Amino acid sequence: MIEENIWGFKIGCLLDGMSFKECIRNLKKYGGVMVDLKICDTPSIVEKRVKMCKGADIITIMTIGGRNSLELGVRTAKEIGAEIAAVLIPGSLSRQECYCFFRRHPQDQAVLLAKLAEECGCSFVVVQMHQLKLIKNSTRQIKIIVSETQKTNDDAEADFLIVDKISRKDNA
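Residues numbered from 1 in each chain as written. Predicted model: local features only at pLDDT ≥ 70, side-chain atom pairs only at ≥ 80, totals over all residues. Heavy atoms only, no water.

Draft legend 1. View of the pairing of strand β4 (residues 83-87). In terms of burial, β4 is largely enclosed, as four of its five residues are buried. In the sheet, strand β3 (residues 58-62) pairs with β4 via five bridges, with the strands oriented parallel. Along β4, the bridge assignment pairs Thr60 with Ala85. For the crossover that starts at β3, traverses helix α3 (residues 67-79) and ends in the parallel β4, the hand is right-handed. Strand direction decides the pairing type here: β4 and strand β5 (residues 124-127), joined by three bridges, are parallel. Looking at β5, one finds that Ala85 is bridged to Phe124. (Buried < 20%, exposed > 50% of the residue type's maximum accessible area, 1.4 Å probe, protein only. Helix = DSSP H or I, 4+ residues; strand = E, 2+ residues; numbered from the N terminus. Pairing = 2+ DSSP bridges. Right-handed = clockwise from strand over helix to strand, strands pointing away.)

If you want it as structure tokens, here you go:
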């Protein structure tokens with residue numbers, strides 16, 4: 001079994017020939033599984049992609065896919081016993097690109113998208129470390145996953161940290 005303070009594992013689309021179901025089944029023996037596909041598509045495609053992740057505990061969907069995709073993703077995830085983590089703004093976007101796409105400051109856009117995720121019933125939002133306190137103060141009950149690669153002293157507000165694997169803050 002894995003350490004007590006480690007919740008589980010994050011997997012993406014690069015599984016070297018192993019199917020999602022096979023990978024999820026193998027990892028579930030040792031802890032929780034987050035499938036990090038960052039799904040962003042029409043509602044019907046989101047529904048199909050969420051269903052293919054059956055067995056996962058958490059599945060990521062991009063908030064920029066819109067309300068209908070998020071809501072259907074959440075409903076579909078519930079049907080297969082999973083929860084949705086909404087990815088707010090792709091980490092690859094520069095500040096200038098955020099202004100170009102959203103016509104507002106990236107922090108303001110992150111708050112709007114976090115509130116949308118919460119309204120749509122997402123259980124989690126995935127944020128970058130510099131967004132943590134702002135999102136925590138702007139949402140009511142949604143849990144926060146910080147997508148940083150190293151644990152720091154600034155992560156006290158996070159519910160989960162991605163540090164090569166997902167570790168739970170309260171050791172539960």
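Draft legend 2. Expanded view of the pairing of β3. Of all five residues making up β3, five are buried, and the element is well covered by its neighbours. Burial along β3 is two-sided: the face carrying Ile58, Thr60 and Met62 and the face carrying Ile59 and Ile61 are both buried. The β-α-β motif built from strand β2 (residues 32-39), the intervening helix α2 (residues 43-51) and the parallel element β3 has right-handed crossover chirality.

Draft legend 3. Structural detail: the pattern of salt bridges. Applying the stated criterion across every chain yields a total of six salt bridges. Among the ionic pairs, Asp36 bridges to Lys38, the shortest N-O distance being 2.8 Å. For Asp36, a relative accessible area of 12% puts it in the buried group. Lys38 sits in the partly exposed class, given a relative accessible area of 40%. (Salt bridge = Lys/Arg side-chain N within 4 Å of Asp/Glu carboxyl O.)

Draft legend 4. Just the environment of Ile24, in detail. Inspection of the secondary structure assignment puts Ile24 in helix α1 (residues 20-28). Given the relative accessible area of 2%, Ile24 is considered buried. A C-alpha to C-alpha distance of 8.4 Å links Ile24 and Val35, two positions eleven residues apart in sequence. Dropping the residues within four chain positions of it, Ile24 is found in contact with Ile11, Val33, Val35, Cys53, Lys54, Gly55 and Ala56. (Contact = heavy atoms within 4.5 Å.)

Draft legend 5. Region of interest: the confidence of the model for the protein chain. Taken residue by residue, the protein chain gives an average pLDDT of 84. The fraction at 70 or more is 83%. Considering each helix and strand of the protein chain separately, the mean pLDDT is smallest for strand β8 (residues 166-168), with a value of 51, and largest for α3, with 98. (pLDDT = per-residue confidence, 0-100.)

Draft legend 6. Examining α1 more closely. Looking only at α1, the buried set comprises Phe20, Cys23, Ile24 and Leu27. Seen from one end, α1 has its buried residues packed into an arc of 95°, which puts them on one side. Packing partners of the buried residues in α1 comprise β1 (6-11) and β2. (Arc of directions from axis to C-beta.)

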